[in-house]
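A closer look at the structure
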Amino acid sequence: MNARATLSAAATLAAAALAALASGCIDTDAAVFVDLSIAAPEATVSSSALGTGVQASFALKLHLGPRASGPSRVAVRTFEIVSADRTTAIVAPLPVETTTALPVEVAPDSDVTVAFTVDTSAGGATLPGDAAAALCAAEGIRITGAIEDSLEDGATPVASEVFHARCP
């Protein structure tokens, strides 16, 4: 091959690579299993002579990249409220409710958000009195949990960022 042909072939390959980049053909999303996060955690603590209650809400965000081998069925195992450093469970298990039918299916190259609410005083239940101090700690709290992803063996943990409950 002569120098002119080599230069022409290199220019053609370079042009093809630039065209692929410009058209967005290269997808770098590596989420072949469900990528999850907890967003917008909020909690309100109430105290009375009978005990402590907490109302909370958060969103479980699920993402599956285009390289996944197929859709995933995601089931929720458990959620709890823990200390900011994750060493102490404060409300476990967390009695969550959602209007979304579970398990939920996450298709490749898609996002699913499931909204959860909590009311520990529903049905007249209360938390121990010392739960209020832990829920209202200056360090804050987190919501943690685990899901089952049908594309992966075992449970996948998830934790929110540290946040502060609204306290009396």
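Residues numbered from 1 in each chain as written. Predicted model: local features only at pLDDT ≥ 70, side-chain atom pairs only at ≥ 80, totals over all residues. Heavy atoms only, no water.

Attention now moves to the overall build of the protein chain. Scanning the protein chain from terminus to terminus reveals two helices and nine strands. For the protein chain, the α and β elements follow one another from N to C terminus as α-β-β-β-β-β-β-β-α-β-β. A total of 168 residues make up the protein chain; the buried ones form 35% of that total. Contacts spanning at least 24 positions in sequence make up 67% of the contacts within the protein chain whose residues lie at least 6 apart. With the model as given, the accessible surface of the protein chain reaches about 9500 Å², and the carbon-plus-sulfur share is 56%. (Helix = DSSP H or I, 4+ residues; strand = E, 2+ residues; numbered from the N terminus. Buried < 20%, exposed > 50% of the residue type's maximum accessible area, 1.4 Å probe, protein only. Contact = heavy atoms within 4.5 Å. Areas by Shrake-Rupley, 256 points an atom, 1.4 Å probe, with all protein chains shown as cover.)

Within this structure, the stated rule accounts for three aromatic pairs. Taking the centre distance of 5.2 Å and the plane angle of 15° together, the rings of Phe58 and Phe116 count as stacked. Here Phe58 is found in strand E2 (residues 51–64), whereas its partner Phe116 is found in strand E7 (residues 110–119), with 58 residues between them in sequence. Comparing Phe58 with Phe116 shows no difference in burial state: the two are buried. (Phe/Tyr/Trp six-rings, centres within 6.5 Å; stacked < 30°, edge-to-face > 60°.)

Let us look at the pattern of salt bridges. Scanning the model with the defined rule gives two salt bridges in all. A salt bridge links Glu42 to Arg166; the shortest N-O distance between them is 4.0 Å. Of the two residues, Glu42 is situated in strand E1 (residues 35–48) and Arg166 in the segment after strand E9 (155–159); the sequence distance between them amounts to 124 residues. A residue is classified by how much of its surface remains accessible, and Arg166, at 48% relative accessible area, is partly exposed. We note a salt bridge from Glu148 to Arg77, for which the minimum N-O separation is 2.8 Å. Within this pair, whereas Glu148 is found in strand E8 (residues 141–149), its partner Arg77 is found in strand E3 (residues 72–83), the two being separated by 71 residues in sequence. With relative accessibility at 49%, the residue Arg77 sits in the partly exposed group. (Salt bridge = Lys/Arg side-chain N within 4 Å of Asp/Glu carboxyl O.)

Most of E8 sits out of view: eight of its nine residues are buried. Here E3 pairs with E8 via nine bridges, running antiparallel. Within the sheet, the bridge partner assigned to Val74 lies in E8 and is Asp149. Direction of pairing for E8 relative to E9: antiparallel, over a ladder of five bridges. Its bridge partner being in E9, Ala146 is matched across the sheet by Pro157. As consecutive antiparallel partners, E8 and E9 are separated by five residues, and within that stretch Gly154 has a phi angle of approximately 85°, a positive value. (Pairing = 2+ DSSP bridges.)

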